Structure formats: structure tokens, C-alpha cells
Amino acid sequence: MRIAAASALLLCFALGASTSVPEQGPLAEDKIPAAIRDAVAASDRPDADKALDAGRKPAQVLAFFGVAPGMKAADLFAGGGYTTELLARAVAPGGHVYAQTPRPPSPTLAARLQRPVAADVTSVVRPFESAPPPEGAGKLDLVTLMFNYHDMGHLGVDRARLNAAVFAAVKPGGSYVIADHSGRAGTGISESGTLHRVEEALVRREVEAAGFRLVAEGTFLRNPSDPRDRQEPDPPQPKDEFVLRFVKP
């Protein structure tokens with residue numbers, strides 16, 4: 001009986017250890033790499049980008065990415081290019097960024113790509129299910145998908161193919177980082193086109209099924225007070241948002 005009880009206890013500890021993921025809260029400014037602080041503080045960043053910084057916390061996000069000069073990165077669903085430009089600044093010198101969109105770049109992104117800061121950014125128009133285009137499979141250090149995984153639901157994207165394509169594009173030890181607006185437990189991706197939210201547990205399951213391993217959770221965009229039952233919280237407050245970093249073994 002004692003042996004059986006001890007074995008069960010050890011199993012519980014083992015299961016707990018296997019599912020435990022390190023959390024990263026807000027970093028003190030002196031803990032954020034200087035290259036990242038400089039990228040965010042650059043005087044030539046567009047005013048529209050700076051206006052988003054309070055809610056997006058770019059220095060914390062870039063530090064969570066683990067981004068550094070010389071890296072090759074892809075920003076999926078590049079949109080207007082807010083994250084794309086930050087990545088371009090953070091991987092310089094010597095790095096490169098691929099800005100992927102399913103259709104030709106928006107006017108905002110197209111204009112951004114003409115600026116000197118985008119000299120090492122390549123615009124790529126292709127379906128999300130296709131791998132980002134590095135110099136060959138397994139060459140990217142980092143792939144980001146910021147606040148758009150939920151869109152893959154109402155857009156009808158084959159998410160298994162998407163995640164498999166990212167897995168093929170990333171080098172061993174490379175990262176796949178996803179941030180999104182948190183949905184309520186049990187909702188999966190069913191509210192993607194209405195509340196623009198996705199259940200964190202679903203994202204974890206789907207990305208891990210592609211072969212990635214979850215290694216860290218950023219808590220610096222969390223808001224436990226968000227009821228998560230509508231697109232914009234009521235009363236007005238920041239959304240509860242998760243940030244997950246997966247690594248290719």
C-alpha cells in the first residue's frame with residue numbers, strides 16, 4: 001500500500017513537472033537588452049506605432065522573443081508592419097525579416113517597406129499554410145504570429161498545415177511565438193470572427209501537435225479582470241492576452 005501510494009505521488013510530481021511552464025512577467029528596464037531598448041526608443045519610429053506601445057509593450061515582447069542582431073525571422077500576418085519593423089530594428093545588423101501576408105501588402109505596410117529601416121525586410125505574399133521562405137528549410141531563428149492566430153479560425157486556414165510549415169521553416173532550437181486575445185475555457189476558436197479571441201489551451205494543443213515544445217509563457221499582457229465574454233471588455237480595461245514561446249527540439 002505504501003509503495004503504491006509513494007508511486008502515485010511520484011507520478012503526480014512527474015506529471016506536474018512535465019506540464020509546468022516558466023512564466024515571464026514584466027522585466028526591469030535594465031534587464032532588457034540594450035539593442036531592444038534602442039529599437040523601441042528609435043526617434044524615427046512612426047508616431048502611430050508609438051501610440052500603440054503602451055498596450056503592446058514592445059520592449060517586453062521583443063525580450064520575450066529572445067530576438068538579437070543577426071537573426072533571421074518571419075512575421076506571419078504582418079498586417080500594417082508594427083511587429084515587422086520592430087523585428088527589423090532588433091535583428092540589425094546582419095539579420096533579415098520576412099513579412100508574410102496572404103494578399104499584397106496593405107498601403108501602410110507597402111509604405112513602411114520603402115523606408116530605410118526596411119532594407120533587410122522581404123515582403124512575401126503566400127498562403128499561411130505555406131512555410132515562410134528562408135534560404136531553405138530549417139533556417140529561421142524566429143517566427144512570430146501576433147494577435148492573429150484566432151483569425152485562422154474564421155478565415156478557414158488549415159492550422160495543422162500552418163503549424164507544420166512553421167515547424168519545417170524553423171531551425172532546431174528556433175522559436176515560434178504566438179500572442180493573442182484570450183478566450184474563455186471551452187470556447188476553442190469558435191469566437192474568432194465575433195469576439196476575436198481564442199482559447200489558449202487550444203493554441204497550445206495545436207502547436208505542440210506540430211512538434212513544438214512550449215518553453216515559456218509571458219504574463220506581462222495578462223489581465224485577470226477581463227471577463228473575456230465580448231470583443232472589448234466591459235467595463236473598459238485592457239484585454240487578457242497570452243504570449244507563448246514554443247521551441248523546435
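Everything quoted here is computed from the prediction, not taken from an experiment.

Asker: Whenever I open this one, the overall build of the protein chain confuses me. Can you help?
Answerer: A count of helices and strands for the protein chain gives 9 helices and 8 strands. Relative to the compact-globule value of 18 Å for 249 residues, the protein chain shows a C-alpha radius of gyration of 19 Å, a close match. Referenced to the eigenvectors of the C-alpha coordinate spread, the extents of the protein chain come out at roughly 70 × 45 × 40 Å. Burial status across the protein chain gives 47% buried among its 249 residues. Residue pairs at least 24 apart in sequence account for 73% of intrachain contacts in the protein chain once pairs closer than 6 positions are excluded. Summed over all atoms, the accessible surface of the protein chain reaches about 11,700 Å², with 58% contributed by carbon and sulfur. For the protein chain, the distance from the average site of its 28 positive side-chain charges to the average site of its 29 negative ones is 4 Å.

Asker: Which parts of the structure should I look at to understand unusual backbone geometry?
Answerer: Among all residues except glycine, the phi angle is most often negative; among peptide bonds, the trans geometry is most common. For the bond running from A92 to P93, omega is -5 degrees, close enough to zero to count as cis. Along the chain, P93 falls in the loop between α5 (82-91) and β3 (96-101). Of note, the amide linkage connecting D234 to P235 takes the cis form, showing an omega dihedral of 5 degrees. Within the secondary structure, P235 is located in the loop between β7 (213-218) and β8 (241-247). Even without being a glycine, F77 presents a positive backbone phi close to 55 degrees. Backbone geometry at H196 places phi at a positive 55 degrees, although glycine is not the residue there.

Asker: Even after reading the chapter, I still don't get the sheet that holds β3, so can you show me in this structure?
Answerer: Within a sheet, neighbouring strands are paired by backbone hydrogen bonds and run either parallel or antiparallel to one another. The 8 strands lie next to each other as β1-β7-β8-β6-β5-β2-β3-β4, forming an open sheet whose pairing is mixed. Two strands close off the open sheet at either side, each with one partner strand: β1 (23-24) and β4 (121-125). Pairing of β7 with β8 involves 5 bridges; the strand directions are antiparallel. Its bridge partner lying in β8, G218 is registered against V243.

Asker: Just to check I follow, could you spell out the pattern of salt bridges for this structure?
Answerer: Where charged atoms from two side chains of opposite charge come close, those side chains can pair. By the definition in use, this model includes 18 salt bridges. As a salt-bridge pair, D44 and R89 come within 3.0 Å of each other at their nearest N and O atoms. Here D44, found in the loop between α2 (34-41) and α3 (47-56), pairs with R89, found in helix α5; they are 45 residues apart in sequence, far enough to count as distant. Close ionic contact of D234 with R230 constitutes a salt bridge, the shortest N to O distance being 3.5 Å. Assessed through its relative accessible area of 48%, D234 is described here as partly exposed. Each of the salt bridges in this network shares a partner with another, and the network as a whole consists of D44, D49, E85, R89, R112 and R115.

Rules behind the numbers
Residues numbered from 1 in each chain as written. Predicted model: local features only at pLDDT ≥ 70, side-chain atom pairs only at ≥ 80, totals over all residues. Heavy atoms only, no water. Helix = DSSP H or I, 4+ residues; strand = E, 2+ residues; numbered from the N terminus. Rg over C-alpha atoms; globule rule 2.2 N^0.38 Å. Buried < 20%, exposed > 50% of the residue type's maximum accessible area, 1.4 Å probe, protein only. Contact = heavy atoms within 4.5 Å. Areas by Shrake-Rupley, 256 points an atom, 1.4 Å probe, with all protein chains shown as cover. Lys, Arg positive; Asp, Glu negative; His and termini not counted. Charge placed at Lys NZ, Arg CZ, Asp CG, Glu CD. Pairing = 2+ DSSP bridges. Salt bridge = Lys/Arg side-chain N within 4 Å of Asp/Glu carboxyl O.

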